Amino acid sequence: MREVIQQIIASETEAKQLVQSARAEAEQLTASAQAQARRLIEQANREAKVEAEQILATAETETSREKSEQLSRATAEINSIIRLDEKVKEQMVGAALNCVCGISSEKDSP
């Protein structure tokens, strides 16, 4: 009977050690998994940041190109609408000088 009790006690001790060992291994695995998850999240964040910066750079380049194209189209349209002959240009320059500087053109002088 004594041997049976000692075997039971030994089995319980072994079972406790197995449980403690399993808990320690589980904690180690959990800590390792958490560390790996943090590394993966940090890597994903870095990659997302790089991709976002590339998207922004592309958008800025595209926006600048579109702006230049729009300005070119607007300039061409304005130039096609406004066709002034030399006499009209001279009159407009003279009128602008008169308004801005108070200078009259030579034709206006007595």
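Residues numbered from 1 in each chain as written. Predicted model: local features only at pLDDT ≥ 70, side-chain atom pairs only at ≥ 80, totals over all residues. Heavy atoms only, no water.

Caption draft 1: Up close: the overall build of the protein. The number of helices and strands found in the protein is two helices and zero strands. Computed over C-alpha atoms, the radius of gyration of the protein comes to 43 Å, more than 25% over the 13 Å expected from 2.2 N^0.38 for 110 residues, which places it beyond the range of a compact globule. Across its three principal directions, the C-alpha atoms of the protein cover 140 × 30 × 10 Å. Looking at the 110 residues of the protein, the share that counts as buried comes to 1%. Surface accessibility of the protein: about 10,200 Å² in total, with carbon and sulfur atoms responsible for 57%. Computing the positive centroid from 14 side-chain charges and the negative centroid from 19, the protein places the two 2 Å apart. (Helix = DSSP H or I, 4+ residues; strand = E, 2+ residues; numbered from the N terminus. Rg over C-alpha atoms; globule rule 2.2 N^0.38 Å. Buried < 20%, exposed > 50% of the residue type's maximum accessible area, 1.4 Å probe, protein only. Areas by Shrake-Rupley, 256 points an atom, 1.4 Å probe, with all protein chains shown as cover. Lys, Arg positive; Asp, Glu negative; His and termini not counted. Charge placed at Lys NZ, Arg CZ, Asp CG, Glu CD.)

Caption draft 2: Highlighting a nonpolar patch on the surface. A cluster of nonpolar side chains, namely I78, I81, I82, L84, V88 and M92, defines an oily patch on the protein surface of about 540 Å² accessible area. Among the elements of the structure, α1 (2–81) and α2 (86–101) are those that each provide at least two residues to the nonpolar patch. Relative to the helices and strands, I82 resides in the loop between α1 and α2. (Patch = residues over 30% accessible without salt bridge, like charges linked within 9 Å, V, L, I, M, F, W, Y side chains within 5 Å. Salt bridge = Lys/Arg side-chain N within 4 Å of Asp/Glu carboxyl O.)

Caption draft 3: Here's a closer look at the pattern of salt bridges. For the structure on display, the rule yields three salt bridges. A salt bridge links E69 to R65; the shortest N-O distance between them is 2.3 Å. One end of the pair is E69 and the other is R65, both in helix α1 and four residues apart, which spans about a single turn. Judged by its relative accessible area of 38%, R65 is partly exposed.

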